[in-house]
Amino acid sequence: MSKKISISRSGRFAREVSADVAQFTESISFDWRLWKHDIQGSIAHATMLQKIGVLKQNELSVIIKGLNQIAKEIAAGKFVWKPELEDVHMNIEAELTKRVPAGAKLHTARSRNDQVALDVRMWLRDEITLLLGEIASLQRALVSLGEKNSDVLIPGYTHLQRAQPVYLAHHLLAYVEMLERDCERLWDCHSRVNVCPLGSGAIAGSTLPLKRELVAKLLNFVDADGKVQLTQNSMDAVSDRDFAVEFCAAGALLAVHLSRLAEDVILWAGAEFNFIKIADAYTTGSSLMPQKKNPDIAELTRGKTGRVFGNLMSLLTLLKGLPMTYNRDLQEDKERLFDTADTVRASTRIFSAMLRNVKINRAACAAAASDPALLATDLADYLVKKGMPFRQAHHVVGAVVALAEKTGKPLNQLTLAELQGVNPTFGRDALGVFNLKTAMAKRNLTGAPGTKEVAKQLARWHFLLSHELENVEKMRQQVKSIVKGYKAVQKETRLL
Ligand code: ARG
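Moving on to the confidence of the model for the protein chain. The predicted model of the protein chain averages 92 in pLDDT, with 92% of residues at 70 or higher. Across residues 480-496, where pLDDT falls below 50, the model places 28 contacts with residues more than four positions away in sequence or in other chains.

Okay, here's the thing in structure tokens:
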């Protein structure tokens, strides 16, 4: 074999690919960010190869030393990636073999097909952990804003029309619930990401007596009970990207939730609502209109939803109609997956920072919430309590609203005589319905925006999230090396 031929090309090739083919097929320009996991995977694989006698102890030592040295250089931004070596796997292996001849044994019983599946799974596993931390932090920001303004009432809306009064905290906690479901979906997805495909080879495993369990254990592919998680079909293992689709789907729904929150923030920050003021550091100005203060963070969060949806569509389309097993098409999964992970994590992170720097305009909220029409349903409930069927009560209160409109009076300024003119069931206590404080005290069903119930829900989330943060912190400690590695990656991203 000619020395000039790259290591992915066997003796059957007489020449290297042309430059434009190399440029078309390379993935190093984006898959370099799998380097840390690629090296971890190689160290585990080499350790196993030594246990089964393929590598001698001293060969294993020099391979691990060589890989660690390469890792250091990559982290320091000193490693030179070569596009002609196609991808991160070949770049690292070729450099190792150049430095350490025993490196030529590293790829024994391994294919880039199971290697890339392993690397992406390991990368995504860490990414999910980091994203869960950011979501918990956003939930905390929402709860804290609700706690600081626990007495603030606003109108709740349906069809963007004022409907019934709610505590601001109740509105914010609706997003906490949505985000919690996102966390559950991500955890569920994590359980399918966290399965070790190494040992599947190119398609059909290996004739060598590999110890798959050992590799999986070394790479922490275990469930909550410590049970090792291995893929059970070599053909599925090298061609499966369901876990990436699942992540992008969970990410798309998270993006929907962030986008809806963004829309509320944008509305609330506008002069028409004027419920909130976003700190200067989290708003931008207009290049022309000097008075403008724009909620760009929220707008971009809403706007980025488009690419997150697009990534999911791309992955689904990529997989549809692929024959078994690995096809090079699968190389196209990475940029879409990376983009979803980067986008939702960055949006979640910046959004919680922004929310921590939002002030509630209590006077504007109070003015909006004091609209007596918000309690029209309560007036119907009053009649129901007097024995009137709800359908009739609904009709009667509709007539009361029409009378108020006709006389140009707010609903709560009508006299008892006027009310009784519409229907004699109204008693002296009817106008008491419009006391907002008592009205809120009455809404104490589980999940309703009543005074006691909202306080209970705030306390529940406060408790859950302080534990959640502790758990995430514990997880972060466990993956400290990964976080460190990620910081290095971020540093490199800036360099690129
Ligand atoms: N860069 C490739 C990918 O991302 C790695 C696997 C290549 N395998 C192959 N047989 N060409 O999918």
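Across the interface, helix H4 (residues 57-75) lies against helix H5 (residues 88-99) with an axial gap of 10 Å and an inter-helix angle of 125 degrees. Here H4 lies oblique to H5, going by the angle between them. In this structure, H4 meets H5 at a crossing whose hand is right-handed. Here H4 contributes Ile63, Gly66, Leu67, Gln69, Ile70, Glu73 and Ile74 to the contact with H5, which in turn contributes Ile92, Glu95, Leu96 and Arg99.

Before going further, it helps to examine the packing of aromatic side chains. Both the distance between ring centres and the angle between the ring planes are used here to describe each pair of aromatic rings. Scanning all chains against the criterion turns up 6 aromatic pairs. Seen from their ring centres, Tyr157 and Phe273 are 5.5 Å apart, and the 55 degrees between their planes marks the pair as tilted. Taken as a pair, Tyr157 in strand E1 (residues 153-158) and Phe273 in the loop between helix H10 (242-269) and strand E3 (276-278) lie far apart in primary sequence, 116 residues in all. Relative to Phe275, the ring of Phe273 has its centre 5.4 Å away and its plane inclined at 90 degrees; by these criteria the two rings are edge-to-face. Connected via pairs of aromatic rings, a cluster forms that spans Tyr157, Trp268, Phe273 and Phe275. Lying over the aromatic face of Phe338, Arg33 brings its terminal NZ or CZ to 4.6 Å of the ring centre. In this arrangement the basic side chain of Arg125 is found over the ring face of Phe221, its NZ or CZ atom lying 4.2 Å from the centre.

For the pair helix H3 (residues 35-51) and helix H6 (residues 112-148), the least separation of the axes is 9 Å and the interaxial angle reads 120 degrees. Taken together, H3 and H6 sit at an angle that is classed as oblique. When you trace H3 past H6, the crossing you get is right-handed. Together, His37, Asp38, Gln40, Gly41 and Ser42 of H3 and Gln115, Leu118, Asp119, Met122, Trp123 and Asp126 of H6 make up the contact between the two elements. Broken down by class, the residue content of the contact of H3 with H6 amounts to 3 nonpolar, 5 polar and 3 charged.

Moving on to the pattern of salt bridges. A side chain of one charge can pair with a side chain of the opposite charge if their charged atoms are brought near each other. This model, assessed by the stated rule, comprises 26 salt bridges. For Arg460, the salt bridge identified is with Glu177, shortest N-O distance 3.0 Å. Residue Arg460 is found in helix H18 (residues 451-478), and its partner Glu177 is found in helix H7 (residues 168-193); the two are separated by 283 residues along the sequence. The exposure class of Arg460 is partly exposed, given its relative accessible area of 36%. We note a salt bridge from Glu418 to Lys409, for which the minimum N-O separation is 2.9 Å.

The rules behind these values
Residues numbered from 1 in each chain as written. Predicted model: local features only at pLDDT ≥ 70, side-chain atom pairs only at ≥ 80, totals over all residues. Heavy atoms only, no water. pLDDT = per-residue confidence, 0-100. Contact = heavy atoms within 4.5 Å. Axes fitted to C-alpha atoms, helices over the stretch in contact; angles between N-to-C directions. Helix = DSSP H or I, 4+ residues; strand = E, 2+ residues; numbered from the N terminus. Parallel < 35°, antiparallel > 145°, perpendicular 65-115°, else oblique. Left-handed = near helix turned anticlockwise from the far one by under 90°. Phe/Tyr/Trp six-rings, centres within 6.5 Å; stacked < 30°, edge-to-face > 60°. Lys NZ or Arg CZ within 6 Å of the ring centre and 35° of its normal. Nonpolar A, V, L, I, M, F, W, Y, C, P; charged D, E, K, R; others polar. Salt bridge = Lys/Arg side-chain N within 4 Å of Asp/Glu carboxyl O. Buried < 20%, exposed > 50% of the residue type's maximum accessible area, 1.4 Å probe, protein only.

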